[in-house]
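Here is what each chain is made of, one letter per residue.
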Amino acid sequence: NSVSADFSATIQAVGYCYTPYKQKFGIPRQPGLVNARGFIKLAGALNDPDSVRGIEQYSHLWILFSFHQNLEQGWKTTVRPPRLGGNEKLGVFATRATFRPNGIGQSVVRLHAVNNENGQVTLEISGMDLLDETPIIDIKPYIPFSDAIEGAQGGMAQQAPELMRVNFTELARNQLAQIAQQAPNQALEPLILGVLSQDPRPAYKKKADDPKMYQVALYDFDVFWKVINNQIHVIEVKEGM
Ligand code: SAM
């Protein structure tokens, strides 16, 4: 199904967002839930220091982006939000679903630095809920006096999700110690803690004892984990296939 009359504004990427999240499974469902670092590289005519002049005065930015990996599957007028166990249907506009008309996502992220090296303008950010290499449609300052609304009603999404306890096997701890020596700035262990404490499993699969071995891809590593007695156990961390 197509959206109503085409208003023929072609939308181009103003940049691309690079994050530790190489696959959709495991990405936090909203920004600010996991403090992972990432960066936006501006592209084309907007890869120009003038386009971000003064942006460092803001602590946070709104980024509008394309759910580019979902565009081909199209969208439906109603969706089944994972938070409601995947049973109940809500209108697509009553959710932050990733299959949407025009496929546009919106996230507020923390801005850490603006770099301009060898002709590439890069914004260092954190807290994003984006797949690696997501096309960015627009970047805007977060303006607290108008964007932070005291007492706003968040409906079914009033609270951040409950966090699960995350344990590491001896093997996983040793593997992480070795990886930390090779790539200290990736802070892989806190990233694994942040991502897995959100329990990335779909709501209808959240059994307290789950025989399945799950895997999330973070940076170039595959993290294997299971759920035993309602706690997450990281079994091992391996270089990605
Ligand atoms: N905060 C945004 C919003 O409100 O529009 C996104 C919320 S959406 C529930 C977050 C999820 O989008 C992530 O957990 C991930 O599964 C998915 N996602 C992130 N980047 C994507 C991309 N480039 N293509 C498709 N899905 C993506």
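The residue count restarts for each chain, going from 1 along the sequence in the order it is written. In view of the model being predicted, local features appear only for residues whose pLDDT reaches at least 70, and side-chain atom pairs are presented and counted only at 80 or more, with totals across whole chains, interfaces and linings using the full set of residues. Just so you know, side-chain values use all the structure's heavy atoms and leave hydrogens and water out.

An unreviewed UniProt entry annotates the protein chain as tRNA (N6-threonylcarbamoyladenosine(37)-N6)-methyltransferase TrmO originating from Shewanella gelidii.

## Quick look at helix α2 (residues 170-182)
With 13 residues, α2 extends 19 Å between its outermost C-alpha atoms, agreeing within 8% with the 18 Å of an ideal straight helix rising 1.5 Å per residue. Relative accessibility decides the category of a residue: with a 1.4 Å probe and only protein chains considered, values under 20% of the type maximum give buried, values over 50% give exposed, and everything between is partly exposed. For helices the rule is a DSSP run of H or I covering at least 4 residues; for strands it is a run of E covering at least 2, with both sets numbered from the N terminus onward. Listing the buried residues of α2 in full gives A172, Q175, L176 and I179. End-on, the buried residues of α2 take up no more than an arc of 100°, which puts them together on one face. Set apart from the buried face of α2 by more than 90 degrees, the exposed residues are E170, Q178 and Q181. Every residue pair with non-hydrogen atoms within 4.5 Å of one another is taken to be in contact. Structurally, α2 contributes buried residues whose contacts are with β9 (166-168), α3 (188-197), β11 (221-228) and β12 (231-239). Take the residue count of a helix, subtract one, and multiply by 1.5 Å to get its expected span. An arc is given here, and it is the one of the directions from the helix axis to the C-beta atoms.

## Some words on the site of the ligand
Any residue with a non-hydrogen atom lying within 4 Å of a molecule or strand is treated as near it. Every one of the 21 residues lining the ligand counts as a neighbour, but H68, R96, S107, D129 and T134 are closest to it. Within the backbone of Q69, a nitrogen or oxygen atom sits 3.2 Å from a nitrogen atom of the ligand. Distance and chemistry together define a polar contact, namely a pair of N or O atoms within 3.5 Å, with one atom able to donate a hydrogen and the other to accept it when in protein, and with adjacent residues in sequence counting only for side-chain atoms on both sides. One nitrogen or oxygen atom from the side chain of D129 is found 2.8 Å from a nitrogen atom belonging to the ligand. The set of elements that each furnish at least two residues to the shell around the ligand consists of β3 (60-66) and β6 (104-117). Of the residues forming the shell around the ligand, the biggest block, 3 residues, is contributed by β6. Think of it as three bins: nonpolar holds Ala, Val, Leu, Ile, Met, Phe, Trp, Tyr, Cys and Pro, charged holds Asp, Glu, Lys and Arg, and polar takes everything else, Gly as well. Class assignment for the residues of the shell around the ligand results in 7 nonpolar, 10 polar and 4 charged.

## Description of unusual backbone geometry
In the Ramachandran plot, Y219 falls in the positive-phi region, its phi being about 50° despite a non-glycine side chain. Structurally, the position occupied by Y219 is in the loop between β10 (210-218) and β11. The buried category is assigned to Y219, whose relative accessible area is 18%. Of note in the backbone geometry, N230 takes a positive phi value of approximately 60° without being a glycine. Within the secondary structure layout, N230 lies in the loop between β11 and β12.

## Focus on the pattern of salt bridges
The working definition used for a salt bridge is a side-chain nitrogen of Lys or Arg within 4 Å of a carboxyl oxygen of Asp or Glu. Taken as a whole and judged by the stated rule, the model has 9 salt bridges. In this structure, K206 and D199 form a salt bridge, with 3.7 Å as the shortest nitrogen-oxygen distance. When the shortest N-O distance is used, the salt bridge between D210 and R201 registers 3.0 Å. Exposure class is identical for D210 and R201. Each is buried. Residues joined by salt bridges that share partners form a network here, namely D199, R201, K206 and D210.

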